[in-house]
Every structure is written in C-alpha cells, then in structure tokens.
Amino acid sequence: MQKMKYIWVDGKMVPWDQAQVHVLTHALHYGSAIFEGIRAYACADGSSAVFRLEDHCKRMLNSAKILRMNLPLTAEELVKACIETLEANELKEGYVRPLSFVGYGEMGVYPGNNPVQTIVATWPWGAYLGAEALEKGIRIKTSTFARSHVNTSMSKAKASGNYINSILAKVEAKDEGYDEAVMLDTNGYVSEATGENIFIVRDGVIKTTPWTSILGGITRDSVMKLAKDLGYVVEEQQFTRDELYIADEAFFTGTAAEITPIRELDHRQIGVGHAGPVTKHLQTEYFKIVKGENPKYASWLHHYKV
C-alpha cells in the first residue's frame, strides 16, 4: 500500500502514520465495524470524479442502522469527508475507504456506550485481481465454505465481522492456486464471491443472483442498469454451480474488481476461456461512464478538484 499524507479521523486530517487506535478497541476484538469501498477515477476531460459516492455513503448509513450502530454522521457529511480526504492527498484517482467502528471503552461482546469513530482513507489502487484479468479472466473454485445464512449475520450490512467468511474462502482459494472463490448459499445455490457479485451469460440472457441473499453491490446495480439500457435481458435468478459451468460467459462485479471475467471454474473452462463479447461490451461502456465519457450517467459521478 502506498502511503498518503493524511487520513480523515473524526473530522480532522491526521498524518497517515499517526492514525492509530488503542489495542483494546472493541472493533478489533469483535468485528464491530462497517465500511465502504469506493473508487475515484481520472476523467477524460482532466477532472476527477468519485463513482456513485452518494449511494455508497447511504449504504454505509444503512449498514449502521442494521447493526444498531449510532453513527454520528449524515450521508452528506460522509460524502464531504471522502472528498476532503481525496483533495488533501492530491489523489486524482484511487480507492476510498470510509470505516466506522466501535471504539475503546467497555470490553465484552455488548458494545454498550463505547464511542463510534469514523475514518476515511484514500490510496492509489489498480486492478484488484490484476490488470491482465480484465481481458484474460481469472481462475476460480467453488469454496468449501458456504456464504452465511441471511439470518446469521445480516447480509445487507457491509460489516467487517461478516468478512471472516470471505477471508476463509479467499485463503483457501489462493492456497490452492486460484485467483478467487465463488461461494454457495446454505441451500447450495451460487451466492457471490469473497468480495464481488457474480453474473453469468447464457443463451443471450444475463443472470445474477437475487438481491435477497447477497450484499447488494453498487457496481452490480450499475451493471444491471447499464446492461438493460444496452438492450440486454437481465434477470435476478438463482442458479447452480453446474449452470455456471456451462455458461457462455461469467464475470464478477465490484468496486475493486470492476468487471472481471471468469475463464475457469473448478477446472472447467467457461465459454471461450477469456472475456466474451457481452463482458467486453459491458466493460467498455462501464469504463466510459466512470471516466465521464457518457453524459447519460453524469449523475453517477461526484467531481472534485486536485
């Protein structure tokens, strides 16, 4: 990770190395934190813009509500903090990580009246799964770890504690030589990856797993709207891993992953074994949007100055 000058901490710009917490911070012991992953892009006209920043900040407040976390910020204040941090670090494009967590105070599972703290960090970050992955695609495996049941840990909250499930699956996949894991739900249907939503293309129809049992990705939502605008049929529908095996194309979406094709699952080649025509079409149009080259989606960009 490339160090930046500042991290926003509870309303103040703090030098990067001084942004610290006590070792007995509640979130460090129990995972009582929520966060967002957001991307900023250098646009074609020389400006910079954050992609769907307001929607990310609204989702973060929804996560706080689900976890009954008393977040002392509005969505508008969180937006302002993200922009201020990008500008303070003079970052034309990169990653934005707002995080709210239960801080130091009483120890024990019950957070009680411990303070809720918020930070915003920014840093440069390229293609999450590798630059070549956007064209060649990635190799994945079906995880032996199931995605948590919807009543286990609240799938609509982007909560830090939820990601233990993802860490287990990711480490397993990497140890076995794969780039990523796809996880099944507790009924055996394809759910999502460790940090991405999943789509398949079969017989001209684009399918993605239903919102009811996954974290509703903002990139996922963007791609669904974009695909429909481009004339594709898009369905939210459960599907099995063997349907994924015989898909014409498959790809992941996410803020970090953007639109990353899947070339192989469980030693079965998916489609032509690299990014297919639908995936390439969506990638091309998506990158036009985030770089400010499609005025139809201008409302998805929050411009700032560096």
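The name an unreviewed UniProt entry assigns to the chain is Branched-chain-amino-acid aminotransferase, from the organism Desulfovibrio intestinalis. Within the UniProt record for the chain, the comment given under Function (unreviewed entry) is "Acts on leucine, isoleucine and valine."

**Q** Please explain the side chain of E243 as it appears in this structure.
**A** Mapping E243 onto the fold places it in helix α8 (residues 241–245). Looking at E243, the relative accessible area reads 14%, which means it is buried. Not counting residues up to four positions away in its chain, the partners in contact with E243 are I200, R202 and K207.

**Q** Honestly, empty space enclosed by the protein in this entry has me stumped. Any pointers?
**A** Take a probe with the size of a water molecule and roll it over the atoms, and the empty space left behind shows itself. Under the counting rule described, the total for this entry stands at one cavity of 30 Å³ or more. Roughly 40 Å³ of volume is contained in the largest cavity. Taken together, R39, Y41, F51, H56, T219, T255 and Y286 make up the full set of residues lining the largest cavity. Grouping the constituent residues of the lining of the largest cavity by class yields three nonpolar, three polar and one charged. Domain assignment of the residues forming the lining of the largest cavity places at least three in each of domain 1 (6–123) and domain 2 (131–290).

**Q** How should I be thinking about the domain arrangement of the chain in this particular structure?
**A** By convention, interface size is frequently given as the accessible area that disappears when the constituent parts associate. Each domain of the chain was delimited in the assignment, giving domain 1 (6–123) and domain 2 (131–290). Here the C-alpha centroids of domain 1 and domain 2 sit 26 Å apart. Facing 20 residues of domain 1, the contacting portion of domain 2 comprises 21 residues. With both chains or domains summed, domain 1 and domain 2 bury close to 1700 Å², and 61% of this area falls on carbon and sulfur atoms. It is F35, F51 and R59 in domain 1 that bury the most area against domain 2; as a group they hold 33% of the surface buried on that side. Linking domain 1 to domain 2 there are two salt bridges. For D221, the salt bridge is made with R52, and the minimal N-O distance between the two is 2.8 Å. Across the contact surface, domain 1 and domain 2 share eleven residue pairs in polar contact (both at pLDDT 80 or more). For the side of domain 1 that touches domain 2, the elements supplying multiple residues, two or more each, are β3 (33–35), β4 (38–42), α2 (53–66) and β6 (94–102). Ranked by the residues each element gives to the side of domain 1 that touches domain 2, the list is headed by α2, at five residues. A breakdown of the residues in the side of domain 1 that touches domain 2 according to their chemical character gives eleven nonpolar, four polar and five charged.

Rules used in this analysis
Here the residue index of a chain counts from 1 through its sequence in written order. pLDDT decides what is reported in this predicted model: residues at 70 or higher carry local features, side-chain atom pairs at 80 or more are listed and counted, and totals for whole chains, interfaces and linings draw on all residues regardless. Working from all heavy atoms in the structure, the side-chain values ignore hydrogens and water. UniProt positions are given in the numbering used here, feature names are shortened, and annotations may be inferred rather than shown by experiment. Helical segments are the DSSP runs of H or I of at least four residues, strand segments are the runs of E of at least two, and each set is numbered from the N terminus. Classification of residues uses two cut-offs on accessible area relative to the type maximum, computed with a 1.4 Å probe and protein chains only: under 20% is buried, over 50% is exposed, and between them is partly exposed. The criterion used for residue contact is that any of the two residues' heavy atoms lie within 4.5 Å. In this analysis a 1.4 Å probe is tested at points of a 1 Å grid over the protein atoms alone, and where it fits but cannot get out there is a cavity; an open set with protein on both sides within 12 Å along at least five of seven lines is a pocket; lining residues have an atom within 4 Å of a point. Grid points are joined across faces, edges and corners, and a volume is the space filled by probe spheres set on the points. Residues are sorted three ways: Asp, Glu, Lys and Arg are charged, Ala, Val, Leu, Ile, Met, Phe, Trp, Tyr, Cys and Pro are nonpolar, and all the rest, Gly among them, are polar. Per the annotation, domain bounds derive from an automatic or database assignment of domains. Accessible area that two parts lose when put together, evaluated with a 1.4 Å probe and summed over both, is termed the buried area. A pairing counts as a salt bridge when a side-chain nitrogen of Lys or Arg comes within 4 Å of a carboxyl oxygen of Asp or Glu. Polar contact is the term for a pair of N or O atoms within 3.5 Å; when the atoms are in protein, one must be able to donate a hydrogen and the other to accept it, and sequence-neighboring residues count only if both atoms are side-chain atoms.

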